Each structure stands twice: as C-alpha cells, then as structure tokens.
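Chain by chain, the residues run as shown.
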Amino acid sequence: MKKLAVCWTLAVSGALTVFCGLLWLNNLDSACRSYTKLFSDNPDISLDEQISGFIPALDWSVLDLSTISTFIPFFGFLCISIGLLRIMRGGSGTHSENFPFFHSYDRVNIALGLIGTIWGIIIIGFYRPEEINVGSLMMCLHTALFSTLVAVIWVSIVLPLAVTPLMRKFAGADDGGSVDGGDDDASLTVLVDKLSVAAAGVAKEFAASNEQLHGFNTRLRNAAEELNECSLNLSTMLHRLTGTGDLWQKEQARQVEILGQTAKMVESVSQVQSQLTAQLEKMQRDNATLQAQNAALRSTNNELSEAANASGVENVKLKTALEQIKGALH
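Now for a description of the structure that goes with this document. Residue indices follow the written sequence of each chain, beginning from 1 at its first position. At least 70 in pLDDT is required for a residue's local features to be given in this predicted model, at least 80 for side-chain atom pairs to be given and counted, and no such filter applies to totals for whole chains, interfaces and linings, which use all residues. Side-chain numbers come from the whole structure's heavy atoms, not from hydrogens or water.

1. Thoughts on the overall build of the protein
Secondary structure is summarised from DSSP: a helix means a run of H or I of at least four residues, a strand means a run of E of at least two, and numbering begins at the N terminus for each. Along its length, the protein carries 5 helices and 0 strands. Written out in order from the N terminus, the α and β elements of the protein read α-α-α-α-α. Burial classification: accessible surface area is computed with a 1.4 Å probe over protein chains only, and a residue below 20% of its type maximum counts as buried, one above 50% as exposed, and the rest as partly exposed. Counting all 330 residues of the protein, 25% fall into the buried class. Any two residues whose heavy atoms approach within 4.5 Å are treated as being in contact. Sequence-distant contacts, at least 24 apart, represent 80% of the contacts inside the protein between residues at least 6 apart.

2. Some thoughts on the packing of aromatic side chains
Geometry of an aromatic ring pair is reported as the spacing of the ring centres plus the angle between the planes. Each aromatic pair joins two rings of Phe, Tyr and Trp (for Trp, the six-membered one) with centres within 6.5 Å, and gets the label stacked for planes under 30 degrees apart, edge-to-face for over 60, and tilted for any other angle. With the rule as written, the count across this model stands at 10 aromatic pairs. Considering the side-chain rings of Trp24 and Phe74, the 5.7 Å spacing of their centres and the 10° angle between planes classify their relative orientation as stacked. Within this pair, whereas Trp24 is found in helix α1 (residues 2-38), its partner Phe74 is found in helix α2 (residues 68-89), the two being separated by 50 residues in sequence. Residue Phe74 is classed as buried on the basis of its relative accessible area of 17%. Through a chain of ring-to-ring contacts, three or more aromatic side chains come together here, namely Trp24, Phe71, Phe74, Phe75, Phe101, Phe102 and Tyr105.

3. Comments concerning the packing of α1 against α2
All axes are obtained by fitting lines to C-alpha atoms, using only the stretch in contact for helices, and the reported angles, taken between N-to-C directions, cover 0 to 180 degrees. As a packed pair, α1 and α2 sit with axes 8 Å apart at the nearest point and diverge in direction by 155°. Put simply, α1 runs roughly antiparallel to α2. When you trace α1 past α2, the crossing you get is left-handed. Classes in brief: Ala, Val, Leu, Ile, Met, Phe, Trp, Tyr, Cys and Pro nonpolar; Asp, Glu, Lys and Arg charged; the others, Gly included, polar. When grouped by side-chain class, the residues that make up the contact of α1 with α2 number 16 nonpolar, 9 polar and 1 charged. Should an angle fall under 35 degrees it is called roughly parallel, over 145 degrees roughly antiparallel, and 65 to 115 degrees roughly perpendicular, with every other angle called oblique. Should the near helix be turned counterclockwise from the far one by less than a right angle, the crossing is left-handed, whereas a clockwise turn marks it as right-handed.

4. Focus on the nonpolar core
Only buried residues count toward a nonpolar core. Its members are Ala, Val, Leu, Ile, Met, Phe, Trp, Tyr and Cys residues joined through side-chain atoms within 4.5 Å. The biggest cluster of nonpolar side chains holds 24 residues, and the ones touching the most others in it are Ile80, Leu84, Ile87, Phe101, Trp154 and Met167. Looking at this core, the elements that each hand over two or more residues are α1, α2, α3 (105-122) and α4 (134-174). For Trp154, the contacting residues outside a window of four places in its chain are Ile72, Pro73, Gly76, Phe77, Ile80, Tyr105, Asn109 and Leu159.

5. Comments concerning the packing of α2 against α3
Interaxial distance between α2 and α3 falls to 10 Å at its minimum, and their mutual angle equals 165°. Regarding the angle of α2 to α3, the classification is roughly antiparallel. Crossing of α2 against α3: the hand is right-handed. Two secondary-structure elements touch here, α2 through Ile68, Phe71, Ile72, Phe75 and Gly76 and α3 through Tyr105, Asn109, Leu112, Gly113 and Gly116.

6. Things to note about the environment of Pro56
Along the chain, the position of Pro56 falls in the loop between α1 and α2. In the structure, Pro56 is positioned 26 residues away from Ser30 in sequence and 9.8 Å away in space, judged by C-alpha atoms.

7. Looking at unusual backbone geometry
With the exception of glycine, most residues fall at negative phi, and the peptide bonds are largely trans. Although it is not a glycine, Thr67 adopts a positive phi angle of roughly 65°. With respect to the helices and strands, Thr67 occurs in the loop between α1 and α2.

8. With respect to a nonpolar patch on the surface
Residues form patches when they are more than 30% accessible in relative terms and have no salt bridge. Like charges link within 9 Å. Nonpolar side chains (Val, Leu, Ile, Met, Phe, Trp, Tyr) link within 5 Å. In these tables, accessible area is a Shrake-Rupley quantity obtained with a 1.4 Å probe, and a residue counts as shielded only by the protein chains included in the view. Each reported salt bridge corresponds to a side-chain nitrogen of Lys or Arg within 4 Å of a carboxyl oxygen of Asp or Glu. Taken together, the side chains of Val18, Leu22, Leu25, Leu28 and Phe54 present a nonpolar region at the surface, about 410 Å² in accessible area. As for its placement among the helices and strands, Leu25 is situated in helix α1.

9. What about the side chain of Asn26?
Within the element layout of this structure, Asn26 appears in helix α1. Once you skip the residues sitting within four places of it in the chain, Asn26 turns out to touch Gly53, Phe54, Ile55, Leu58, Asp59 and Val62.

10. Looking at the side chain of Thr70
Tracing the chain through its elements places Thr70 in helix α2. With a relative accessible area of 6%, Thr70 lands in the buried category. Counted as a polar contact is a pair of N or O atoms within 3.5 Å, where, for protein atoms, one must be capable of donating a hydrogen and the other of accepting one, and residues adjacent in sequence contribute only when both atoms are in side chains. For Thr70, the side chain forms a polar contact with the side chain of Asn27, separated by 3.1 Å. One polar contact links the side chain of Thr70 to the main-chain carbonyl oxygen of Thr67, over a distance of 3.2 Å. When neighbours within four sequence positions are excluded, Thr70 is seen to be in contact with Cys20, Leu23, Trp24, Asn27 and Ser61.

Now the structure itself:
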C-alpha cells in the first residue's frame, strides 16, 4: 500500500518536475532575449515590457529575469523525484537529516533568492537614462522580489510542512522502521533556527534594497526635474533659433537678390564691353585706311612739289630768254 503511495507521489513529483522544467526553460529563453535587447547597441531599442519565451502559454511565469523563481521549484522537485527513486530501490542515505536534498540546501535556496534580488537592482544600472520609466522599474522589481519570495516560500513553508515530513515517512516505512522522534524534533529545531537566520538576512537585504530603491527614486525625481528644466531651456533655444533662422532666411533672400542684380550689371557691362571692342576694331580698320590714304597723298604731294620746282626752273629760263629778246629788240 505504501509502495503504491510512493509510486503515485513519484508520478506527481515527476510531472511537476517536467512542468517546472518547462517553466524554467521558457523563463530562461525569455530572459536571454531580454538581455540581448537590453545590451543591444541600437539606441532605438528599449526594454519596457516582458518578452515572450518559446512557449507563449507559459509567459505568466517569465516575470523574473534572473530565472531563480522558476529554477528553485524545478530543482526542488527534481531532488524529490530522485529521492523517491532511491526509496523505491532501497538506496542508502534515505535516513539522512537532509534527505532528499543535500547539506545546506535551504541556505543555497535563500542565497539564490538574494542573488536574484541583488541582480534585479543591478540591471537597473544597465538602462540608458532616457529609457527608465515605470515599466522598466517594475521589471527590475519583479526580478528583485519574486526570486526571494519563491525561495522563502519554498524553504520556509513547502519544505518543512509538506516535503520533509512526507519524504521521511516514506523513507522510514520503506525500511520497516521509523525515525526517532527526538531526532526529528532536533532537526526541525535546527531547521527553524537556520530559517530564522536566513529570514533575518533576507530582512536586512530587503531593508538595504528598500533604501537603495528610495535613493534611486530620489535621484530619478531629481533627474526628471533636471530633464524638465533642460526641456524648457531647449524650447527657449529652439524658439530663439527659429527666430534667428527666419532672419537668416530673409538675409539670404536679400543676398540672393543682390547677387541677381550684380549678375545683371555684369551682363550689361559685358555687352557694353563687346560693343566698345567692336567699335575699337572698326576704328583701327579706319585708321589703317586713313594711314594708307595719307601715304598716297604724301607721294602725290612730293610729285607735285617736284613738278612745281621744275616749273620754277623753266619759268626762270623763260624770263631770262624774254629779257634777252627784249635786249636784242632795243
């Protein structure tokens, strides 16, 4: 009868192990995609919402980016399933104080929860300041709180109230004996002491985390005020730049108009210069013609001068002949 109960418990534990394993793997896939997006160099990419895993139906369990909250129950049910197999096979060590787990298993779970809390605070620093909003802060707080919450519930409630008594009962019934009640009480007292120490540590970590979050919120408010002030300054500068841009556009239009007028004047001067060049060439041609005519006139003048000289000589000769004729007549 008790072997049948162990078999049924093993079947339930195996099913829960598989289910929690799927939860953990889906959470791990979602976390990897989230970190890839968070650490991307693309400035247009921001992480302000949960990213689906490879099983969208299980996305309700991807709140923890550290995956601690899904790993703890998966690993716990895996240890329980292995312990039940050892009981069915009559293996040794089933009467150990830590059965079906290992030494300091509870401390390891609490430590994992605290690691998830610290990691949830650390990843806030990886966000660019312009990306920090309520959505991103809630994702970091989910990572910080759910990992520790699951660890505390598993170690402080599930293990001592359900798992440990049931496994010890199966282990004692399987060997035909029972575990000493005084040892159970002592072990339970030790476990309670350990849980008290762990709970105190968790409380201190929560207090430190609360102070850090309070300081971060204060810095965030200061940053928001500075951003608002910068926004106002930018608006003022933009208004001034807009007015300056209008003046610059007007001045540019005036300069363009002046350049157009200058181009027209240059074109007119070019036309006048072309006309003057044509007139100069014409005058040069006329001058050459006049010079040729002047040379011809000089030649004619020289000839006339020579003819006049010859006429003068002949005239002198005629006068001399007339005087001789007059003399002869007298």
